[in-house]
Amino acid sequence: MDYKKSGVDIEAGYRSVELMKEHVKRTMRPEVLGGLGGFSGAFSLKAVKDMEHPVLLSGTDGVGTKIKLAFLMDRHDTIGIDCVAMCVNDVATAGGEPLFFLDYIACGKNYPEKIASIVSGVSEGCRQAGCALIGGETAEHPDLMPEDEYDLAGFTVGVAEEKEIITGADVKENDVLVGLASSGVHSNGFSLIRKIFPMTREALDTYYEELGATLGETLLAPTRIYVKALKSVKEAGVRILACSHITGGGFYENIPRMLPEGKHAVIEKNSYPVPPVFALMAKEGQVEEQMMYNTYNMGLGMVLAVSPSDVDKTMEAVKAAGETPYIVGKITNGKKGVTLC
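*Asks:* Just checking my understanding: could you explain the sheet that holds strand β4 (residues 97–107) for this structure?
*Replies:* The strands making up a sheet associate through backbone hydrogen bonding, with each pair oriented either parallel or antiparallel. Strand order in the open sheet made by the four strands is β3-β6-β4-β5, with mixed pairing throughout. Both edges of this open sheet fall to β3 (54–62) and β5 (132–140), since each of them pairs with a single strand only. For this sheet, the mean angle separating the axes of adjacent strands, direction not counted, is 15°. Pairing of β4 with β5, which is carried by eight bridges, proceeds in the parallel orientation. Looking at β5, one finds that I105 is bridged to T138. Helix α4 (residues 112–129) contacts β4, β5 and β6 (150–161) of the sheet and is inclined by roughly 165° relative to β4.

The following block contains the structure:
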């Protein structure tokens, strides 16, 4: 008896590392010290020490049951983008610049090409966010997970000047809410989606005219990464007063998180186009509108609050970063919360 016969293939692990090295190289920053394969990842803080009062910001997350679609469609090169997005977008909402990222893949059996495909997506997400992929772990769990399944999670660390952290404390009445378009469902609410639609390859390969794609392609579209858009707004001289990443809990849970007591957000539902996938989901699953907005991003992956005098600069900066912005509402005085009208 040996380790391989017990279900853990060490050689496959070595092969996975070799295959992923080319993807990791795409994410390198000057601060990265050493290469892939060590016991830890090293990142120099030389640039950070020149900041007045640097504050480290961290975020960790996974992609939830969206990963089931990757299994069914046997497509693994985009799910890593979702993992990175869920972490770096959270750090960006506080005004942080993501510095580096680490991933963790748990699998029933290590198939090196599949692992490399997953990491290619993680690498692409890091490239979009401007952070370095400095390490990770691939753990083979025979008997604990089916051989053809895996789970993926990640962790990022960013930095911000203390005085530039976005807290929402200075939000005022009549400040304007700017929404950034999502790419679709992103990475939340898939447990409900898997009840709405049959989770078969035939159903996922069905083409819908209103979607302009198959159901599977639409649902698997990776989460937008908004780091560069928020950086572009900052570089345009705009102070973002509050910021919310619209993830699990949709509008009703996430918008209030960016508000101080005594301030209320009012969002006009008709101020931007809602992607057709959400109407399809509501129809097929007979999901009430309030529940849709309480579960999904409904077409807005990020919402910013800015001063009325900064709206034009904000819109232009977001567009310059390749994202699509909409003026979606405003701040009023009142009980902390959100109204959709």
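*Asks:* Looking at this model, I keep getting lost on the environment of Y272. Mind explaining?
*Replies:* By the secondary structure assignment, Y272 is in the loop between β11 (263–267) and α10 (276–285). When the C-alpha positions of Y272 and L300 are compared, they lie 8.7 Å apart, and in sequence the two are 28 residues distant. Contacts of Y272, omitting those with residues within four sequence positions, involve F251, Y293, N297, M298, G299, L300, Y326 and V328. At a separation of 2.9 Å, a polar atom in the side chain of Y272 contacts the main-chain carbonyl oxygen of M298.

*Asks:* Which parts of the structure should I look at to understand the side chain of E31?
*Replies:* As for its position among the elements, E31 is in the loop between α1 (10–25) and β1 (32–33). Polar side-chain contacts of E31 include one of 2.9 Å to the side chain of R29. Dropping the residues within four chain positions of it, E31 is found in contact with A42, F43 and S44.

What counts, and where the lines are drawn
Residues numbered from 1 in each chain as written. Predicted model: local features only at pLDDT ≥ 70, side-chain atom pairs only at ≥ 80, totals over all residues. Heavy atoms only, no water. Pairing = 2+ DSSP bridges. Helix = DSSP H or I, 4+ residues; strand = E, 2+ residues; numbered from the N terminus. Axes fitted to C-alpha atoms, helices over the stretch in contact; angles between N-to-C directions. Contact = heavy atoms within 4.5 Å. Polar contact = N/O pair within 3.5 Å; in protein donor to acceptor, adjacent residues only side chain to side chain.

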